[in-house]
Amino acid sequence: MRPEILLVSGLVLALSASLTRAVRAFCWKHGWLDVPNERSSHVVATARGGGLSIVIAATCALLALRWLHAIDTDLLLALIGGGGAVAIVGLVDDQRRLSGGIRLSVHFAAGLWALICLGGLPPLAFGGHVVNLGWAGHVLGLLGIVWSINLLNFMDGIDGIAASEAVFIICSGVLLTLAHGQSTQLPGVGLAFGAACLGFLLWNWPPASIFMGDVGSGYLGYVISVLAIAAARDNPAAVWIWLTLGGVFFVDATVTLVRRAIRGERLHEAHRSHAYQRLARLWGSHRRVTVTLVLVNVAWLLPCAWLAALHPGAAMWISVGALAPLVILAVGAGSGRREGNS
């Protein structure tokens, strides 16, 4: 990797950390606080909207990478255009709650923009075959982007968890891309995003002094899905690899959503029925849950993703095998169980 790209990432980390401190001070001065309620997992008022520092730092990094000819125009436009829209609607929602219809409309528009910029969903590996899904693939890609945006938002409920997950997914994706030489631009882009997240995480690690907010969680969900699709242009198995890396979040959020939908609950309403939220209450510690997430990622999902990268023809089945135990664990830990039930 070129040394100037490493320099950009180092500067982005410092910028993100500095901006997070400034945003925290601004939030306290103007009362932009997350005040605990019966649905909260925290007990003290905390500044929110710190994800704005990630957005600003990452955008500066993308422009610098473009100046260094380290990112193509199509990916740059996809990340800045759609990511900016998702971040703006998230920032507004952090301060004055928007309707679900408005948020979803922006999310779908951003997803459509990304697919237009990237040329749609590329052919994907299914077993030993590479399949072009055509228009069905584009629809699937759009739904995947929107789900990723909301998934990160759902899972951003305790200190450090969403930023830690974003650092892991993006940096691991970079590692696997570098190891197998599948892209010239994704490593630098991913490293910059990882640095931006890490700068924020310095303030968000439990006990957190500032929360990411919708501005950051939605933005990162969008970025991760766009990078996964971009990676699939060079490697048809990449979507399975990135899905494996994000397995803990994907499984907990999806199992919880399905179980709540079966009960007929309003899916847009706040709740505390995710497995990670239940564990935080059971263990009485955000830090233990976040550290456990990191350990599962590094000890289980990263090796599985590495194996999928080594054997792209079997990547789909390796991903299924990696996620299946997590589904069992999520159900056992109470993902989506009615609140109040043990």
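To be clear, the structure that these remarks concern was listed above.
Keep in mind the model is a prediction, meaning the values are calculated, not measured.

Analysis parameters
Residues numbered from 1 in each chain as written. Predicted model: local features only at pLDDT ≥ 70, side-chain atom pairs only at ≥ 80, totals over all residues. Heavy atoms only, no water. Helix = DSSP H or I, 4+ residues; strand = E, 2+ residues; numbered from the N terminus. Expected span 1.5 Å × (residues − 1). Buried < 20%, exposed > 50% of the residue type's maximum accessible area, 1.4 Å probe, protein only. Axes fitted to C-alpha atoms, helices over the stretch in contact; angles between N-to-C directions. Parallel < 35°, antiparallel > 145°, perpendicular 65-115°, else oblique. Left-handed = near helix turned anticlockwise from the far one by under 90°. Contact = heavy atoms within 4.5 Å. Salt bridge = Lys/Arg side-chain N within 4 Å of Asp/Glu carboxyl O. Nonpolar A, V, L, I, M, F, W, Y, C, P; charged D, E, K, R; others polar. Pairing = 2+ DSSP bridges. 1 Å grid on protein atoms, 1.4 Å probe; cavity = no way out; pocket = protein on both sides within 12 Å on 5 of 7 lines; lining within 4 Å. Points joined across faces, edges and corners; volume = space filled by probe spheres on them. Polar contact = N/O pair within 3.5 Å; in protein donor to acceptor, adjacent residues only side chain to side chain.

### So, helix H6 (residues 161-180)
- Between its first and last C-alpha, H6 extends 28 Å over 20 residues, near the 28 Å set by a 1.5 Å rise per residue.
- In terms of burial, H6 is largely enclosed, as 15 of its 20 residues are buried.

### Some points on helix H2 (residues 51-67)
- Compared with an ideal rise of 1.5 Å per residue, which puts 17 residues at 24 Å, H2 spans 25 Å between its outermost C-alpha atoms and is within 8% of the ideal.
- If you check which residues of H2 are buried, you get Gly51, Ser53, Ile54, Val55, Ala57, Ala58, Ala61, Leu62 and Leu65.
- Directly after H2, the chain includes His69, whose backbone phi takes a positive value near 60°.

### Examining the packing of helix H12 (residues 286-310) against helix H13 (residues 315-333)
- One can describe the packing of H12 onto H13 by two numbers: an axis separation of 8 Å at closest approach and a directional angle of 165°. On the basis of their axis angle, the class for H12 and H13 is roughly antiparallel. In this structure, H12 meets H13 at a crossing whose hand is right-handed. For the pair H12 and H13, the contacting residues are Val296, Trp300, Leu301, Cys304, Leu307 and Ala308 in the first and Ala315, Ile318, Gly321, Ala322, Pro325 and Leu326 in the second.

### A few points about the pattern of salt bridges
- Enumeration according to the criterion identifies seven salt bridges in this entry.
- As a salt-bridge pair, Arg97 and Asp214 come within 3.7 Å of each other at their nearest N and O atoms. With Arg97 in the loop between helix H3 (73-95) and helix H4 (100-118) and Asp214 in helix H8 (residues 213-232), this pair connects stretches of sequence that are 117 residues apart.
- Overall, Asp214 belongs to the buried group, its relative accessible area being 16%.
- Between Arg263 and Glu265 there is a salt bridge whose closest N-O contact spans 2.7 Å.

### Some remarks on the packing of H3 against H8
- In contact at an axis separation of 7 Å, H3 and H8 are set at 155° when each is read in the N-to-C sense. When the interaxial angle is binned, H3 and H8 end up roughly antiparallel. For the pair H3 and H8, the crossing hand works out as right-handed. Side by side, H3 and H8 meet where Leu75, Ala78, Leu79, Gly82, Gly83, Val86, Ala87, Gly90, Leu91, Asp93 and Asp94 of the first sit next to Gly213, Asp214, Val215, Gly218, Tyr219, Tyr222, Val223, Val226, Leu227 and Ala230 of the second.
- Here the contact of H3 with H8 is composed, by residue class, of 13 nonpolar, five polar and three charged.

### What about the sheet that holds strand E2 (residues 46-48)?
- Strands sit in the order E1-E2-E5 across an open sheet of three strands; the sheet is mixed. On the outer flanks of this sheet lie strand E1 (33-34) and strand E5 (210-211), each paired with one strand and no other.
- In the sheet, E2 pairs with E5 via two bridges, with the strands oriented parallel. The residue of E5 that forms the bridge with Ala47 is Ile210.

### Quick look at the layout of surface pockets
- Volume-wise, the largest pocket comes out at about 1,400 Å³.
- Lining the largest pocket we find 46 residues, and of these Arg97, Asn153, Phe154, Asp214 and Ala270 sit closest to its centre.
- Sorting the residues of the lining of the largest pocket by element identifies H3, H4, helix H5 (134-155), H8 and helix H11 (275-283) as the ones contributing at least two each.
- Looking at side-chain class alone, the lining of the largest pocket contains 15 nonpolar, 20 polar and eleven charged residues.
- Roughly 630 Å³ of volume is contained in the second largest pocket.
- What lines the second largest pocket is a set of 24 residues, among which Gly144, Ser148, Val239, Leu243 and Phe250 lie closest to the centre.
- Of all the secondary-structure elements, those providing two or more residues to the lining of the second largest pocket are strand E3 (124-126), H5, H8, helix H9 (238-245) and helix H10 (247-262).

### Quick look at the side chain of His286
- By the element assignment, His286 lies in helix H12.
- One polar contact links the side chain of His286 to the main-chain amide nitrogen of Asp159, over a distance of 3.1 Å.

### Here's the deal with empty space enclosed by the protein
- Across all of its chains, the model carries three cavities of 30 Å³ or more by this definition.
- Empty space within the second largest cavity amounts to approximately 40 Å³.
- If you trace the second largest cavity, you find it lined by Ile170, Gly173, Val174, Thr177, Leu186, Gly190, Leu227 and Trp242.
- Secondary structure elements with two or more residues in the lining of the second largest cavity: H6 and helix H7 (186-204).
- No other element matches the four residues that H6 contributes to the lining of the second largest cavity.
- Per-class residue counts for the lining of the second largest cavity are five nonpolar, three polar and no charged.

### Observations regarding the environment of Leu176
- The residue Leu176 is located in helix H6 in this model.
- Leu176 sits in the buried class, given a relative accessible area of 3%.
- When the C-alpha atoms of Leu176 and Ala275 are compared, they prove to be 29 Å apart, with 99 residues separating the residues in sequence.

### Some words on the side chain of His271
- Considering the arrangement of structural elements, one finds His271 in the loop between H10 and H11.
- Here the side chain of His271 touches Arg260 through a polar contact of 3.5 Å, side chain to side chain.

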